[in-house]
Amino acid sequence: MRVVRQILVGLGLIVMGVGGVVLAQGIVILTGSQPAIVEAVAITILGALLLVGGVVLLVKGIRKRAVVPGSVGAEA
């Protein structure tokens, strides 16, 4: 189970990084002088969604499950 959590954390960090770069690119296009508003908004929304998805993966990988006291000795 530890490996799965490490994979989720790694993927979360990667997706957050990609989402941050895409979001920054969309903001740069929005503030530029070129009239590509629709594409810039789409890129910005995609970057924000990637960023949120990365945070969700990161939280799922970091968060530990609560241990039920009755099932601690049941595995042995």
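Because the structure is a prediction, the values reported are computed rather than measured.

### Here we look at the overall build of the chain
Part 1: Of the regular secondary structure elements, the chain holds two helices and zero strands.
Part 2: Looking at the chain as a whole, 13% of its 76 residues are labelled buried.
Part 3: Of the accessible surface of the chain, which amounts to about 5,800 Å², a share of 73% is contributed by carbon and sulfur atoms.

### Details of helix 1 (residues 2-31)
Part 1: Here helix 1 spans 43 Å end to end across 30 residues, near enough to the 44 Å set by a 1.5 Å rise per residue.
Part 2: For helix 1, the set of buried residues is Gly-12, Gly-19, Val-22 and Gly-26.
Part 3: On its buried side, helix 1 packs onto helix 2 (37-62).

### Describing helix 2
Part 1: With 26 residues, helix 2 ought to run about 38 Å at 1.5 Å a step, and its terminal C-alpha atoms sit 37 Å apart, in line with that.
Part 2: Buried within helix 2 we find Ala-40, Thr-44, Gly-47, Gly-54, Leu-58 and Gly-61.
Part 3: The inward-facing, buried residues of helix 2 contact helix 1.

### Things to note about the environment of Gly-26
Part 1: Among the secondary structure elements, Gly-26 is positioned in helix 1.
Part 2: Here the alpha-carbon distance between Gly-26 and Ile-45, two residues 19 residues apart in the chain, equals 8.2 Å.
Part 3: In contact with Gly-26, other than residues within four places in its own chain, are Ala-40, Ile-43 and Thr-44.

### Concerning the packing of helix 1 against helix 2
Part 1: Two elements in contact, helix 1 and helix 2, have axes whose closest approach is 7 Å; the angle formed by their N-to-C orientations is 160°. One finds that helix 1 runs roughly antiparallel with respect to helix 2. Crossing handedness for the pair helix 1 and helix 2: left-handed.
Part 2: Among the residues forming the contact of helix 1 with helix 2, the class breakdown is 23 nonpolar, ten polar and two charged.

### Some thoughts on the side chain of Thr-44
Part 1: Here Thr-44 shows up in helix 2.
Part 2: Given the relative accessible area of 16%, Thr-44 is considered buried.

### Description of the environment of Ala-40
Part 1: Along the polypeptide, Ala-40 turns up in helix 2.
Part 2: Among the residues examined, Ala-40 registers a relative accessible area of 0% and is labelled buried.
Part 3: A C-alpha to C-alpha distance of 5.5 Å links Ala-40 and Leu-30, two positions ten residues apart in sequence.
Part 4: Contacts of Ala-40, omitting those with residues within four sequence positions, involve Gly-26, Ile-29 and Leu-30.

Rules used throughout
Residues numbered from 1 in each chain as written. Predicted model: local features only at pLDDT ≥ 70, side-chain atom pairs only at ≥ 80, totals over all residues. Heavy atoms only, no water. Helix = DSSP H or I, 4+ residues; strand = E, 2+ residues; numbered from the N terminus. Buried < 20%, exposed > 50% of the residue type's maximum accessible area, 1.4 Å probe, protein only. Areas by Shrake-Rupley, 256 points an atom, 1.4 Å probe, with all protein chains shown as cover. Expected span 1.5 Å × (residues − 1). Contact = heavy atoms within 4.5 Å. Axes fitted to C-alpha atoms, helices over the stretch in contact; angles between N-to-C directions. Parallel < 35°, antiparallel > 145°, perpendicular 65-115°, else oblique. Left-handed = near helix turned anticlockwise from the far one by under 90°. Nonpolar A, V, L, I, M, F, W, Y, C, P; charged D, E, K, R; others polar.

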